[in-house]
Each structure stands twice: as structure tokens, then as C-alpha cells.
Amino acid sequence: MDKDEIHLRRLPPAAPWGPHADSEFHGVEFLPEGLSGAPNKIGMRVNEKYSCLPAEEKGIHIINIRAIEDIGYVQHESTLLNSLSRDPDADCKYGLYFRDGKRKVDYILVYHYKKSSAGRTLARRIHHNDSSARSTKQDQPLPGKGVHLEMENEPHVDYHEDDKRFRREEYEGNLMEAGLELERDEDTKIHGVGFVKIHAPWNVLCREAEFLKLKMPTKKMYEINQTHGLLKKINSVIQKITEPIQPKVAEHKPQTVKRLSYPFSREKQHLFDLSDRDSFFDSKTRSTIVYEILKRTTCTKAKYSMGITSLLANGVYSAAYPLHDGDYEGENVEPNDRKLLCEEWASYGVFYKYQPIDLVRKYFGEKIGLYFAWLGVYTQMLIPASIVGIIVFLYGCATVDENIPSMEMCDQRNNITMCPLCDRTCSYWKMSSACATARASHLFDNPATVFFSVFMALWAATFMEHWKRKQMRLNYRWDLTGFEEEEEAVKDHPRAEYEAKVLEKSLRREYKHKETDKEKLTWKDRFPAYLTNFVGIIFMVGLTFAIVFGVIIYRISTAAALAISSTPSGRSSVRVTVTATAVIINLVVIIILDEVYGCIARWLTQIEVPKTDKNFEERLIFKAFLLKFVNAYTPIFYVAFFKGRFVGRPGDYVYIFHSFRMEECAPGGCLMELCIQLSIIMLGKQLIQNNLFEIGIPKMKKFIRYMKLKRRRSLDHEEHMKKKQRYEVDYNLEPFAGLTPEYMEMIIQFGFVTLFVASFPLAPLFALLNNIIEIRLDAKKFVTELRRPVAVRAKDIGIWYNILRGIGKLAVIINAFVISFTSDFIPRLVYLYMYSENGTMHGFVNHTLSSFNVSDFQAGTAPNDPMDLGYEVQICRYKDYREPPWSENKYDISKDFWAVLAARLAFVIVFQNLVMFMSDFVDWIIPDIPKDISQQIHKEKVLMVEVFMREEQGKLQMLETWKDKDTKKGENCNSHSPRLSRSHSGSLPSCHSYPVDV
């Protein structure tokens, strides 16, 4: 036969390929006749050990692809494939199942590899068993698509890539030994990226569920206790009213019966409802089980003991994630939980509806479900706080014309001349020019503000108790009661960085002392990191203070510069202009530093090398919260408690750098300025950082990835024409980075709502409007923008609850000081009950102002234009409690100052203790566990005891029946004579073969 003649021959597929392995030219070999015994002449080497051919055809080799291209088979490739096979991607639901269309993909491992163009061309034409399971323990090849062919003229891959490949091969072999089933796919639209699909068979799922003590529903069902009488009627009315705002999700409907749950046990499988094994373990549980195996399985080559976290950190794999259930949009999309979540939860059109929390938990796991449940409870609790805040604000608007102090300040007949606000360039000014500021201050500085502060302190305590009760209800519904043991088992996995550090230490110790004892990191190893953390945090806090100080210098210098303006309108708007621009500068700096501090906190935590993920998360949260708290609230603390406190007095002002005078509060107090500062920073952070960043940055990243893929597709039109597999689509999504950023922005917002609420009663309203958008924004991000996270079991929100309680306690103290020292509430009470002649507030403004003789100005500090008001000024007024110039101790602090200070401190003590007591009383009077839930938990325990008692009774009855039948058999055998038994031995049944029905 001619050497150039080629025969196309179909070979029998190897066993691991599955029933659909024949499709897409699977097992088709191009063989030049007469060359089967001369592999060296073909110019290609295939390892015999990993060949997919049967044993009798091990000598057959694949011909060089160049020969095929030369002959011309490539031109008819699509025709040939279509004639031999149908589209296998439809059978495996485009990546949701293995190639056989039966085994579901539970997890995906992604890796990068280097492949020549010839290898890629061949991979599109031939599906060959991959040689990834080359460990000595596992001789079976890893099924799937992809070819590892080594050309003679191809340069050898570098040792680093070889090392990664060998580690993957050993790791995947160990995974198969653990019972998992793997399938490889390198024939993808993403060039240079391979995927390993993982499936957990039934026996592995049962084994791991028992090991993890997963609570699974049993066959036993019981009725949930229902309310009776008046409560039942009230609940039915509420259900009818709220029916339009309930999500159309089966899991959200109220349940009257519940299955009894019990930790899964293979010995007690008869207790569980195993009628449908495919749905007994849902996709969330399956991926959790596989992830636990991935973390536990190690790769021990080159003295490494590496689980999946270490392999990811070292670049052996580039990603690992479970798959989404399917597409959420498009035509002919099969119904799935992701699509349902997108329609009923992650859409702005359903912002008025409750969240389908049970479905969120079913899809994403308990930890993410608890976050959205907490966010929902927090948003609901903001509704009454917003209503009360609006009422307080409207009360201020309604009583502004009746406020005597602001009326006196606006009355031009009083003709009160105020001292200059700065040296030389500033002139004297009329108090009536600050009328608008005084009237606006009353909107937030009125008696209702004190009531609102007390209300918000009690609101915070009620919110915490309400969340604890809601959390217990979710724990009962989600079968999380008694979860502590499992939590301890899960958090013991060491992190990749910790393992690498311990390995480095052990290698160093082995090299020096030739010892191989197991090492661990001590405080001496971490001391440099601890020192770096301490110095770094102090430096960051100092940097924040320095920036705030710089903004103060800006305010002072800008106020002095604007005061030189010749126009009266320019001089009148100096305070508003300076305040607004300074707050905007503060906002920009806060947003920038927030991002910087987040990265620095993560870096500081990484160099500490915490052992477990739980330790890492807690330390990261502490550092990030500390830095972001200082960053967000330092400018507000300055305005609330320090501005105007260290000014001095005319003739003896306090100077910064011997040239800048400390800035003063407005005649109406600093509360109005605090309100402006708080509102702009809060609204700016929510609008820019929380919403625009969360929408814009993912969209931008998605666009960049799209452009990169578009550039790659233009290079390979054939791959562009194929529909993407599910794991390819998910690979292009953003990886899940944890819930810390989501919680952090909400905790900072909670601080704005509670800490300074006395100065800004509308804060709960703006927080409510933000959260309505935030819930749907986060939901859309989780469903459409992020890879599906691994489901993590949790029974509470962890350290965030303690932070919330701490902020709630701190809010009581801060609001007490804001009311006492920042507002004029206490000075008004002191004047009303100690100094007022007629029991009214008439004369209060004059009482709070001290007098100064202009002849006592220091040299060079008097106004350049003393006749600016049109008359010569001899006595000017300034806000302080000091002796007049005609007194013996002129300009000394007066007795009124000490009386007001004593009243302020007394108010702080009384307010703090009273509100703390009321909060603790609310905490005590509201039980943490609802009564009906405690009854149901007790009922479950009783029912479980009954189930086991019945099982034991059944076993005892079975044993007694067995004994009775054995006794009867013995009696029957003894009643026969030996002669009769011998004569009829062939016809009578033996007593040992007597049938027993158990």
C-alpha cells in the first residue's frame, strides 16, 4: 500500500469516557497503514501508560497533524463531525453536567497551561483522554477533552510549569482516591485555560455529610404550633394586607408542617426521605461537601502539604468555584433558582417587596442569607426611626417663628455689634446678619431633639433584641440549632500563607539543626509583624488627624481671604462658603483614604499570618473598622467637640503658627455646622462610595474582560462560534471577596444614624432610602456579577454584632455630650430657671454675650476699617461667659460659666445612666428566644426521642420474634426420632434450612 494512503478507523472507546464519549470524533485515530509498528517515524511521542487505547492496540500512535492538514481532511472537518455526532453540549446542558449528561458538576478547578498552536488545532479535532492522573497511586487517565502532545520540534516547557503540572496531577489523583470523579476540558473558548470538572457521587456525599454532621430532613413530619384566638385573627389580617409585598417564591410561604431534621448517618439512612436521591443534597450542600474535601486533600510533593487554598495561592490553580444553576436571562432559559432570584429579589422593580430569605439561603448558604436577613431587619427598623425623625424636623420648622432667641438675633432694633472674626482684615458686624443661621439652627436644636436622642438610644437596643429574635427564628427554620461543634471543626483548617510560613521555618530549622519536628509560629515569629501593625495603625491615625488639621488651616485662611472682599454679599456668605467647601474636601479625602485604609488593613493582617480564616477575618475587621471609623468621624468629632472651644477672647486670641486664629462657632452655635458636615459626608459616602463605586467598578471590570475576550475571539473565529459552557461564563465573573466590605459600609452608616443623631434627625430617613437601593444593588451583584460563593454555615453575624452593640453604647455617650456641650439646650435651661426675670427666654441672647472694650486690642490686631458700620465702635460683644471690662477681674471667666458647666456635666451623667438603664431594661424585658420557637425546639427534641425509642422497640420485637422462631425450630427438631430422621432424611427439611421471616 502507498505510504501516503490514510485509513480512517474508529476504535472502541475507553471505559472512563462515558456513554457520550463517541460523540465529537471521540476515539477516532488517523493511522497510516503500515506505520503502526514504527512510531519513531511519525515524529510524535505518546506515553503508553496514559494512552486511551485498549491494551491490544497500545502500539498505535497518532499521526502528526501536519500530515493530516497536508492531505486535506481539515477542509471537510465540520461536515465529518456533523455526520458522526450531534452537539454534546446540549446533553451536558452546556457545562452543568459531565459529558455523559448524567453526572452533575459540583465544583470547578481552573488552571493555566501553555499549549502550542499545533496542539490547539489537534485539540479541536480529537478528544483524547488527558494524562493528568500520573501519580503512582492512580494509573487511570482523567477523562475529558484536551490533548497533551509533545512535538519533537517544540521547545520544552519550563520547569516552573512542569512543577505546577505535576502537583496538579498528584492532587487530582488524590481527589479521585477520595472518591470524587473528575473530567478535564481544555477545548474552551478561553485560550490557555483548562477546567477540571468535579462530581461527588452518592457514597461520597453520604460519607462527608456524616462527617460534617449535616442536619438533613427525615421522613417524620410534625405540625408547627399555630396561634389561636385573637392573635390568629390579627395574623391573618396582616397576611392579607402584606400579600402584595410578599415575593412569589414557594420557600417564602408560611409553613404549617415541618420535617424533623437529624444529623445525617449512613447507619440510619432509613430515617431519611431518600425517594429522590438527586435532590436530597441540593447544589449548595454538594459544593460545600466538595470544598471540604478539596481543603482536606493535600499535595505532598517536594515536602509541600498543600490543600486547595495553598494551591490557589501558589498559582497551581488559578480559580476554584461552584457553578451557578444556569442563565438568569435570555430566551428558552430553563427555570432555576438563579433566574427566580433575579426576578423576585435582584430587581429594582420589586424594591417594595420582602426578600425571599429562605431562597437566598438555599442558593448562597447561611452566612450570606444571614447578612441579607440582617440588612432587611435593619432597613425595616429604620422606618419608625425615619418617621419620628421627620416629625422632629417638622416640629422645628413649625416652631421656628416662635423661638425667642432666634427672634432676638434677627431683630435689628437690638443693634448688637459683634467683635471681628479675624485680625485686621475683618471688621465689626451686626448680629442680625446671622439671622438665617440662627433660624436654621432651631430646626435641629430644639427640645424635641433631646427626645429624639433618647428615642434613638432605645431604638438601637430594640433593634439589637429584635435581630436576636429574628436570628433564632432563622436558626430554627434552617436547622442550625446545636451548630457549635460543626463550627469548631470547620474553622481549624490552616490558611495557605500560614502553611507556607511554617514550611519555610521548618526547612530553615532542618537545614541548621537537622531536626524534623513539627513547627508552628510563635509570638517571636510574629513580633516584627505586630510591631509593624502598631506603628502602621498609629501612623494612619496620625495621618487622618493631620489631614483634618490641614482642612482647619484651609478654613481659617479662606475665611480671612474672603473677608477682604469689598462686596457686602461676599462678606455675609463667608461662613457658608467656607463650611461647604471644607466639607466637600473632607468628603473626597475620606473616600480616598477609605480605599487606601482597606488595602493597608488587609496587608497588615496578611503579614501577621493568622492561622485560620476565622482569625484572619476577625483581625481584618478590627483593623479596617478602626481605621475607617477614625477616617469617617474625625472631622465630625472636631466640629462637635473642639471647634470654638479653644478660641480665647478678643485681645488674647489663640493662634496657630503665630498667624492663624482658631475659628469660632456661629452665634447660633456649632450644631448647624455639625448638621451640614454630617449630612454631606453621609450622603456623599452613600451616593459615591456605596452606590456609584459598587455599580461602576464591576461594570468597568466586566467591560475590560469583554474587550479582552473580544480581542481573543477575533484571533480565533471558530472558538467564537461555539456557545460558552457554564463554567466558562462563570470564570469571567468577579470572584467573591467576602462580606466584610458589605458589612463595613452598613456599620459606618449605623454610626451616622446613631452617634450624632441629635444634630441631624433626618439621618435615619436618608439611611432608609439608601438601604432600599442597597439591598437590590447587592442582590443584583451577587446574582449576576459575582461567581457563586461557597456556601458557609453560620448561626449568627459574628463579630459584627459586638461592634453594633459597642456603637449603640457609644452613641448614648456621644449624644449626651452633643446635647450638653454642642447645642444651647443646657444654657437655655440654666437661663430659664436661674436668670430669667419673667420665666421666659427673653434676654437669653444678651445673657450669653460678653463685652469687650476695643481699646484693649493687641497692637496690630484691631480692624483696619473701624468705621465700616458707619459709626465708631467702643464696646463689641462676643459669645462667652466672662467678666465685663468695667469689672475688677475684667475678662476673667464668670460664675455663669461654672454654673452652666456644672449643669452640662450633670446632664451628661443623668442622661447617660438613665438611657443606659432603659436600654438594659429593654434588653432584659425582651427574651432573646421567642416563646413559640423555644416550644418548637423542645417539641423537636421530644419527637426525636420518640423516633429512636420506637426504633429500639422495633429492634427488640424483631429479636424476640427471632428467638421465638429459633425455639420452635429446636422443639420441632427434637420431636423427630432418630430412626424417622434417618429413613426420611432425604425428604424432610432440615431444621437448619427452616425459612425464617424477619
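What counts as what
Residues numbered from 1 in each chain as written. Predicted model: local features only at pLDDT ≥ 70, side-chain atom pairs only at ≥ 80, totals over all residues. Heavy atoms only, no water. Phe/Tyr/Trp six-rings, centres within 6.5 Å; stacked < 30°, edge-to-face > 60°. Buried < 20%, exposed > 50% of the residue type's maximum accessible area, 1.4 Å probe, protein only. Lys NZ or Arg CZ within 6 Å of the ring centre and 35° of its normal. UniProt positions renumbered as here; feature names shortened; annotations may be inferred. Helix = DSSP H or I, 4+ residues; strand = E, 2+ residues; numbered from the N terminus. Salt bridge = Lys/Arg side-chain N within 4 Å of Asp/Glu carboxyl O. Axes fitted to C-alpha atoms, helices over the stretch in contact; angles between N-to-C directions. Parallel < 35°, antiparallel > 145°, perpendicular 65-115°, else oblique. Left-handed = near helix turned anticlockwise from the far one by under 90°. Contact = heavy atoms within 4.5 Å.

**Describing the packing of aromatic side chains**
According to the stated counting rule, one finds 51 aromatic pairs in the structure shown. Taken together, a centroid distance of 6.3 Å and an interplanar angle of 75° make the contact between Phe272 and Phe280 edge-to-face. Relative accessible area serves as the criterion here: at 1%, Phe272 is assigned to the buried category. On the accessibility criterion, Phe280 (10% relative accessible area) is buried. In this arrangement the basic side chain of Lys258 is found over the ring face of Tyr476, its NZ or CZ atom lying 5.0 Å from the centre. Against the face of Tyr363 rests Arg788, its NZ or CZ located 3.9 Å from the ring centre.

**With respect to the UniProt feature "transmembrane region" (unreviewed entry) in the protein**
In the UniProt entry, the feature "transmembrane region" (unreviewed entry) is given for residues 371-395, 448-467, 530-556, 576-600, 620-641 and 746-769. Within the segment residues 448-467, helix and strand shares are 100% and 0% respectively, and the terminal C-alpha atoms sit 28 Å apart. Secondary structure across residues 620-641 divides into 100% helix and 0% strand, with the first and last C-alpha atoms of the span separated by 30 Å.

**Section: the pattern of salt bridges**
Scanning all chains against the criterion turns up 43 salt bridges. Here Glu940 makes a salt bridge to Lys258, at a shortest N to O gap of 3.1 Å. Taken together, the residues Glu940 in helix α32 (residues 931-975) and Lys258 in strand β10 (residues 257-263) connect sequence positions 682 residues apart. Accessibility assignment for this pair places Glu940 and Lys258 in one class, buried. The partner of Asp880 in a salt bridge is Arg882, and the shortest N-O contact between them spans 3.0 Å.

**Section: the packing of helix α13 (residues 366-398) against helix α26 (residues 740-754)**
The N-to-C vectors of α13 and α26 enclose an angle of 20°; their axes lie 12 Å apart at closest approach. Here α26 runs roughly parallel to α13, going by the angle between their axes. The handedness of the crossing between α13 and α26 comes out as left-handed. Here Leu370, Tyr371, Trp374, Leu375, Tyr378 and Leu382 of α13 lie close against α26, whose contacting residues are Glu742, Tyr743, Met746, Gln749, Phe750 and Val753.

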